[in-house]
Amino acid sequence: MSRSPLTATSALSTALLLALSAPAWAQSHAGHATTPTTTTADTAPADGGKVDHSQMDHSKMDHGSADHSQMDHSTMDHSTTDHGKMDHSKMDHAAMGHGVPKAPAPTEPLEPIPAVTAADRLAAFPPIDHGAMEHAPEIHSMLLFNRLEHWDGQHGTGQAWEASGWLGGNINRLWLRSEGERSDGRTESADLEVMYGRSVSPWWDVLVGVKQDFRPADSRTWAAFGIQGLAPYKFETSATAYVGEGGQVAATVEVEYELLLTNRLILQPLVEASFSAKDEPERGNGSGLNKIEAGLRLRYEFSRRFAPYIGISHERMFGDTADYHEAAGERARDTRWVAGVRVWF
């Protein structure tokens, strides 16, 4: 059977292509077995999937000559690689860059700190001109009207005051204290104390001086000794003893407390008691406890220097003092409503 010239030519071309491609195919497989220098791009599947290194025989690969710097390890799945079967003794880790030690951190600053000069010290600590400084005055003063009030009691109306002031420094001071009462247009009692005070602790002063009674009856002068200050829990306390003419000894104790309902609204309870050592019928004083006065005042401070208040006060006489006043037609006890102002300068 005879063939056409076209068929003979096609068969000859096919045979020639197979003969030429056979050495190249054999050389490609032989090179992979001895020198596996393929990269991820050479061994990646055609569909772009991941290379399964777990199925590769790494023991026959020469990793020492492999250029790992060109490999994209971020896309390789190392979780499936069996590193136990790999022969790390034939790997050149020095060429991979794992054995290069890191440079130690510098111990000196990149820019050395300059030494401190005299000009720097002068700029940081300039000289002080003490002559141009304003110092607080060494002498201070204060005048406080703790009670300046009008009262309305069960047996009449009247006015009362209680004031104190001082002049001096932080340790030594001159104290002035006064207390009195008016009723039905006449002064029932009034006194003035002039005392030297010395601070013996941050909270207490010792006082010594004189007291002058102007009412009741004839005026009388007393020698006064006392202590005043802030007791624990912030109780303002004052205790004073008096030695008068004829060997009479008297004493007065007063305790106040300030309860802050708000920053401006303040409730002030007060208790005052007086004592005498001897009977004095002509002055209406008996021995022992003479009188106790207890008050409760609520003030509102428009400023620290000015505060009006309202309150209630009750006083009661005891012992012979009560008997002397009842014999004179006066009451031994009285409850009063008060309204006044507290100011200081």
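All values reported here derive from a predicted model rather than from experimental measurement.

About the cut-offs
Just so you know, the residues in each chain are numbered from 1, in the order the chain's sequence is written. Note on the predicted model: pLDDT of at least 70 is required for a residue's local features to be given, and 80 or more for side-chain atom pairs to be given and counted; whole-chain, interface and lining totals, by contrast, use all residues. Each side-chain value is derived from all of the structure's non-hydrogen atoms; neither hydrogens nor water enter the calculation. Labels follow the DSSP assignment, with helices taken as runs of H or I lasting at least four residues and strands as runs of E lasting at least two, numbered in each case from the N terminus. Per-residue accessibility, obtained with a 1.4 Å probe over protein chains only, is compared with the maximum for each type, and a residue is labelled buried under 20%, exposed over 50%, and partly exposed between these values. Whether two residues are in contact is decided by their heavy atoms, any of which lying within 4.5 Å being enough. Here the open area of atoms and residues is found with the Shrake-Rupley method and a 1.4 Å probe, where only the protein chains shown may cover a residue. Here a pair means two rings of Phe, Tyr or Trp (six-membered ring of Trp) with centres within 6.5 Å. Their orientation is stacked below 30 degrees between planes, edge-to-face above 60, and tilted elsewhere. Here, a charge over a ring is recorded when the distance from Lys NZ or Arg CZ to the ring centre is within 6 Å and its angle to the ring normal is within 35 degrees. Starting at the helix axis, one direction is taken to each C-beta atom, and the arc is that of these directions. Like charges are joined within 9 Å and nonpolar side chains (Val, Leu, Ile, Met, Phe, Trp, Tyr) within 5 Å, but only among residues with over 30% relative accessible area and no salt bridge; these make up the patches. What makes a salt bridge here is a side-chain nitrogen of Lys or Arg within 4 Å of a carboxyl oxygen of Asp or Glu, nothing more. Every residue is assigned a pLDDT by the predictor, reflecting its confidence on a scale from 0 to 100.

(A) Spatial organisation of the overall build of the protein chain. Each helix and strand in the protein chain was counted, giving five helices and 13 strands. Going through the 345 residues of the protein chain one by one, you find that 26% of them count as buried. A sequence separation of at least 24 residues applies to 44% of the contacts in the protein chain between residues at least 6 apart. Looking at the protein chain as shown, the accessible area adds up to about 23,400 Å², and 61% of this sits on carbon and sulfur atoms.

(B) Structural view of the packing of aromatic side chains. Following the criterion strictly, the structure yields four aromatic pairs and no others. Taking the centre distance of 6.3 Å and the plane angle of 70° together, the rings of W222 and Y242 count as edge-to-face. Highlighted residues: W222 in strand β6 (residues 220-231) and Y242 in strand β7 (residues 235-243), separated in sequence by 20 residues. Owing to a relative accessible area of 6%, W222 belongs among the buried residues under this scheme. A centroid spacing of 6.4 Å and a plane angle of 35° characterise the contact between F302 and F306, whose relative ring orientation is tilted. By relative accessible area, F302 is classed as exposed at 55%. Taken together, the aromatic side chains of Y300, F302 and F306 make up a single cluster linked through ring pairs. Positioned over the ring face of W166 is R173, at 3.6 Å from the centre of the ring. Against the face of W151 rests R336, its NZ or CZ located 3.6 Å from the ring centre.

(C) Structural view of helix α5 (residues 319-327). Here α5 has its buried residues at T321, A322 and H325. Buried residues along α5 cover an arc of 100° about the axis, so they all sit on one side. The inward-facing, buried residues of α5 contact β11 (288-300) and β12 (306-317). G329 sits one or two positions beyond α5 and adopts a positive phi of about 85°.

(D) A look at a nonpolar patch on the surface. Side chains of I139, L167, L174, L176, L192, V194, V210 and F214 sit close together on the surface and give an oily, nonpolar patch of about 670 Å² of accessible area. Looking at the nonpolar patch, the elements with two or more residues in it are β3 (172-183), β4 (186-199) and β5 (204-215). One can find F214 in strand β5.

(E) Quick peek at unusual backbone geometry. Of note in this structure, D184 is not a glycine but carries a positive phi near 55°. Mapped onto the elements, D184 comes out in the loop between β3 and β4. A residue is classified by how much of its surface remains accessible, and D184, at 62% relative accessible area, is exposed.

(F) Seen up close, the pattern of salt bridges. Inspection of the entire model under this criterion finds 16 salt bridges. Among the ionic pairs, E162 bridges to R147, the shortest N-O distance being 3.0 Å. Taken together, the residues span a long stretch of sequence, with E162 in strand β2 (residues 156-168) and R147 in strand β1 (residues 140-153) at a distance of 15 residues. With a shortest N-O distance of 2.8 Å, R177 and E193 are connected by a salt bridge. Linking R177 in strand β3 with E193 in strand β4, this pair joins segments that are 16 residues apart in sequence. Exposure class is identical for R177 and E193. Each is buried. One connected set of salt bridges, linked through shared partners, spans R147, E162, E179, E272 and E293.

(G) Geometry of the confidence of the model for the protein chain. In this model, the protein chain carries an average pLDDT of 81, and 71% of its residues clear a pLDDT of 70 or more. Note that pLDDT drops below 50 for residues 1-6; the model gives that stretch zero contacts with residues more than four away or on any other chain. Segment residues 22-44 is flagged for pLDDT under 50; beyond a separation of four residues in sequence, or across chains, it makes 10 contacts in the model.

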